[in-house]
Number of protein chains: 2
Amino acid sequence: MGGDFGPRVTVPAALDALKRHPSLSILLVGDSHIISPLIVRCDHGILERIELVHADSVVAMDERPTFALRRRQDSSMYIALQSVAEGRARACVSAGNTGALMVLGRGILQMLPGIDRPAITSAIPTVTGHSHMLDLGANVDCSAEHLLQFAIMGSVMVRAVERINSPRVALLNIGAEEIKGNEQVKLASRLLKEQPELNYIGFIEGDGVFSGEADLVVCDGFVGNIALKSCEGLSRLVSSKLKQSFTRSLYRRALALLARPVLKELQQQLDPGRRNGASLLGLQGIVVKSHGSAGSHCFGHAIDQAVSEAEMNIPARISERLERYLHDPSGT
Amino acid sequence: MGGDFGPRVTVPAALDALKRHPSLSILLVGDSHIISPLIVRCDHGILERIELVHADSVVAMDERPTFALRRRQDSSMYIALQSVAEGRARACVSAGNTGALMVLGRGILQMLPGIDRPAITSAIPTVTGHSHMLDLGANVDCSAEHLLQFAIMGSVMVRAVERINSPRVALLNIGAEEIKGNEQVKLASRLLKEQPELNYIGFIEGDGVFSGEADLVVCDGFVGNIALKSCEGLSRLVSSKLKQSFTRSLYRRALALLARPVLKELQQQLDPGRRNGASLLGLQGIVVKSHGSAGSHCFGHAIDQAVSEAEMNIPARISERLERYLHDPSGT
């Protein structure tokens, strides 16, 4: 029900995902009066893999997360997460209120033992393909121990989803040298080094995020969110300046028409939304957050991300790795 | 002497700046054996506005700043800063070791009363022109009080250099709402609100940096450095993907030739180096840091920035504003 467009986007995306994944079933949780008309003309083969779960209310995009947790037990978000907690669904995908999704996720699904807080992770385009980054805004004040937890969770996820045997993990910092950075990253670096199962490659600077030198970039949510949003802002600036440049004369307009396929390809390659689907790691269940502004195609990527995490059983894998860590923190 | 290219870049840039600014004189501080041959063929009108000051050594790009302060009193950086402290020069421009420039600047020029640490500020391209941002990496652990100091210094600088009567000041945060962010920015926001002379417009998110909604964006050096470097990384990624896209076929190569002026224009508009010249605010003197990789044209921008700050007498203006603040912190 959430995001900028609600069921107009999420339902068609779900129907397409059912076509792409023949063994997938989907629970559509929300106002059945709105959703029913959108699925009524489906093929029988698709329709029988849909379960419509009615919810009386919706968590508003600007609602306080703690209010949502206490008072919105009849909301689509609450019921969807509960269906994961009860084992009726393997994953929850939402384009709704991020803060509420985290707080409700934590309240309903519970954290994995050894993890204090969920972290938001997403794929980032690089020169060589893409890497992953976390935390992207779930945690504003992180300790070194939290950064270690993020590194463990992210490493397990990247290993499984990307099928990389030993993902290179880097800590985001303002310099590559050991003496650089604040106390939190310096201490985190020492903790990460002590983990023999982590392929920790050291500090990475902001520009290293896009260079492809790491498979996983770890940072606190304040820094990660601002870095990512800054880059989104720069992307928009580039688009707007390109438009200005290409409309300055008739000749340039003609050029723009010719170059359109190239520019469109570029935009798609760099669009963070193309690899839409941020995972909330650390919960005892799979929760994927879509951009609120995602169209049907992009929302489909978030569903694919959830499918992939369900197939890989990411929470169980993280849990297993954490158990070893909890029994032997130094990894020796 | 510093930066990737040393006098090969800085000397021609200085000569050009002397042509642009008829009332400017420049002290070239460094190895006179290297510099002399580079200026020997100048017009007499230029030559008489150059003073060559010999320095025996150079602070290396990877030298520890505290070592440089104690042991490099014969270095070009030390002597250049000392010439500002002694009033022989109005400003110092360097492409050298940033950390050393800060530590030497602080040691030789001293801080303005009421300012604890220098902050690095630079211009950032926006949809509508450009804005300014600080701190970009000088301070890794900032208190709310430091952020207030940055806001006061930056505001004075933007007002003078950009001739904006009441620059809009924003605090970088992970959300625009009051409840968002870490303790440091929440407290800083309260402090900024209490300053009637600051045109504080509230929190701004990462993407707001490029939207032009603020004239000055304030953040701690850890976050600012990572945001800026991330954007530089993204810029490089865009360039590399553009190159890939435009070389995929013969047709596209031809298109690239036609579109080259447009793409070059775009690259120049967005190049952080184009507005090269980061100011170290908070010192009792003007110090401008150029990108180490700047070419002669870009290094010229750093010189222009120093000229402009000297004309406006920025440190004195900041000092004046601070004195009022120190006598009446709440601004009432």
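All of these numbers come straight from a predicted model, not from anything done at the bench.

Thresholds, definitions, all that
Residues numbered from 1 in each chain as written. Chains lettered and ligands numbered in written order. Predicted model: local features only at pLDDT ≥ 70, side-chain atom pairs only at ≥ 80, totals over all residues. Heavy atoms only, no water. Least-squares fit on C-alpha atoms with pLDDT ≥ 70 in both. Contact = heavy atoms within 4.5 Å. Axes fitted to C-alpha atoms, helices over the stretch in contact; angles between N-to-C directions. Helix = DSSP H or I, 4+ residues; strand = E, 2+ residues; numbered from the N terminus. Parallel < 35°, antiparallel > 145°, perpendicular 65-115°, else oblique. Left-handed = near helix turned anticlockwise from the far one by under 90°. Nonpolar A, V, L, I, M, F, W, Y, C, P; charged D, E, K, R; others polar. Domains from an automatic or database assignment. Buried area = accessible area lost by both parts, 1.4 Å probe. Salt bridge = Lys/Arg side-chain N within 4 Å of Asp/Glu carboxyl O. Polar contact = N/O pair within 3.5 Å; in protein donor to acceptor, adjacent residues only side chain to side chain. Expected span 1.5 Å × (residues − 1). Buried < 20%, exposed > 50% of the residue type's maximum accessible area, 1.4 Å probe, protein only. Pairing = 2+ DSSP bridges.

A few words now on the relation of the copies chain B and chain A. Between the two copies of this chain, the relationship is a rotation about some axis together with a displacement along it. Overlaying chain B on chain A yields an RMSD of 0.1 Å, the required transformation being a rotation through 180° with an accompanying axial translation of 0.0 Å. The transformation just described matches what one would write down for a two-fold rotation axis. Proximity to the rotation axis, assessed at the C-alpha, singles out Ala227 of chain B in chain B; its C-alpha lies 2.2 Å from the axis. Looking at chain B, 100% of its interface residues are interface residues in chain A too, so the copies touch through the same face.

Turning to the packing of helix H1 (residues 7-20) of chain A against helix H11 (residues 296-312) of chain A, a few remarks are in order. Residues and elements named next belong to chain A. Where H1 meets H11, the closest approach of the two axes is 8 Å, and the angle between their N-to-C directions is 55°. What the angle tells us is that H1 and H11 run oblique. The two elements H1 and H11 cross, and the hand of that crossing is right-handed. Residues Val9, Thr10, Pro12, Ala13, Ala14, Asp16, Ala17 and Arg20 of H1 touch H11, and the partners they reach there are Ser296, Phe299, Gly300, Ile303 and Asp304. The residue inventory of the contact of H1 with H11, partitioned by class, reads seven nonpolar, three polar and three charged.

Next up on the list: the domain arrangement of chain A. Residue and element names in this part refer to chain A. Here chain A is partitioned into domain 1 (7-115 + 282-314) and domain 2 (124-272). Centre-to-centre, using C-alpha coordinates, domain 1 lies 26 Å away from domain 2. Contact with domain 1, which involves 10 residues of that partner, is made by eight residues of domain 2. A combined buried area of about 840 Å² lies between domain 1 and domain 2, and 69% of that area is made up of carbon and sulfur atoms. Looking at the side of domain 1 facing domain 2, the largest losses of area belong to Ile115, Met312 and Ile314, adding up to 49% of the total buried there. Inspection of the domain 1/domain 2 interface yields zero salt bridges. Summed over the shared surface of domain 1 and domain 2, the number is one residue pair in polar contact (both at pLDDT 80 or more). The biggest single contributor to the side of domain 1 that touches domain 2 is H11, with four residues. Along the lines of polarity and charge, the residues of the side of domain 1 that touches domain 2 split into four nonpolar, five polar and one charged.

On to helix H11 (residues 296-312) of chain B, then. Residue and element names in this part refer to chain B. The first and last C-alpha atoms of H11 sit 24 Å apart over 17 residues, in line with the 24 Å expected at 1.5 Å per residue. Taken across its 17 residues, H11 has 12 buried, putting it largely inside the fold. Backbone geometry just after H11 places Asn313 at a positive phi near 55°.

What follows concerns the sheet that holds strand E4 (residues 119-125) of chain B. Residue and element names in this part refer to chain B. Pairing is mixed in the open sheet, where eight strands are placed in the order E3-E10-E9-E4-E5-E8-E6-E7. The open sheet has two edge strands, strand E3 (91-94) and strand E7 (199-204), and neither has a second partner. For this sheet the average axis-to-axis angle between neighbouring strands, irrespective of direction, equals 25°. Sheet topology places E3 next to strand E10 (residues 286-289); four bridges connect them, and they run parallel. Paired with Ser94 across the two strands is Lys289, which belongs to E10.

Next up on the list: the sheet that holds strand E7 (residues 199-204) of chain A. Two orientations exist for strands paired in a sheet by backbone hydrogen bonds: parallel and antiparallel. Residues and elements named next belong to chain A. Taken together, the eight strands give an open sheet; going across it, the order is E3-E10-E9-E4-E5-E8-E6-E7, and neighbouring strands pair in mixed fashion. Only two strands of the sheet have a single partner each, and these edge strands are strand E3 (91-94) and E7. On average, each strand axis in the sheet is inclined to that of its neighbour by 25°, with strand direction left out of account. Examined bridge by bridge, strand E6 (residues 168-172) and E7 share five bridges and lie parallel to one another. Paired with Ala170 across the bridge in E7 is Gly202.

This paragraph deals with the environment of Ile226 of chain A. In this structure, Ile226 of chain A sits in helix H9 (residues 221-246). With 122 residues separating them in the primary sequence, Ile226 of chain A and Leu104 of chain A have C-alpha atoms 24 Å apart.

Glancing now at the interface of chain B and chain A. Taken together, the contact pairs 52 residues of chain B with 53 residues of chain A. Interface area for chain B against chain A, summed over the two sides, is near 4,900 Å², with a carbon-plus-sulfur share of 68%. For the pair chain B and chain A, the number of links is four salt bridges. Scanning the region where chain B abuts chain A turns up six residue pairs in polar contact (both at pLDDT 80 or more). Among the elements of the structure, helix H8 (183-193), helix H9 (221-246) and helix H10 (250-270) of chain B are those that each provide at least two residues to the side of chain B that touches chain A. Top element by residues in the side of chain B that touches chain A is H9 of chain B. It accounts for 21 residues. Residue classes in the side of chain B that touches chain A are distributed as 26 nonpolar, 15 polar and 11 charged.

With that settled, the discussion passes to unusual backbone geometry. Note the cis peptide between Leu134 of chain A and Asp135 of chain A, where omega equals 0°. Tracing the backbone through its elements, the reader meets Asp135 of chain A in the loop between strand E5 (130-134) and helix H7 (144-162). With phi around 70°, Gln110 of chain A is a residue other than glycine that occupies positive phi space. Relative to the elements of secondary structure, Gln110 of chain A occurs in the loop between helix H6 (98-109) and strand E4 (119-125). For Gln110 of chain A, a relative accessible area of 43% translates into the label partly exposed. Phi at Arg163 of chain B takes a positive value of approximately 55°, unusual for a residue other than glycine. The topology assignment puts Arg163 of chain B in the loop between helix H7 (144-162) and strand E6 (168-172). Overall, the relative accessible area of 65% leaves Arg163 of chain B in the exposed class.

Residue and element names in this part refer to chain A. Summed over the entire model, instances satisfying the criterion amount to 18 salt bridges over all chains. In this structure, Lys19 and Asp16 form a salt bridge, with 3.8 Å as the shortest nitrogen-oxygen distance. Placement of the pair is Lys19 and Asp16 together in helix H1, with a separation of three residues, close to one helical turn. A residue is classified by how much of its surface remains accessible, and Lys19, at 56% relative accessible area, is exposed.

All names here are of chain A. With respect to the helices and strands, His21 occurs in the loop between H1 and strand E1 (26-30). There is a polar contact of 2.8 Å between the side chain of His21 and the side chain of Asp304. Setting aside its immediate chain neighbours within four residues, His21 contacts Arg49, Asp304 and Val307.

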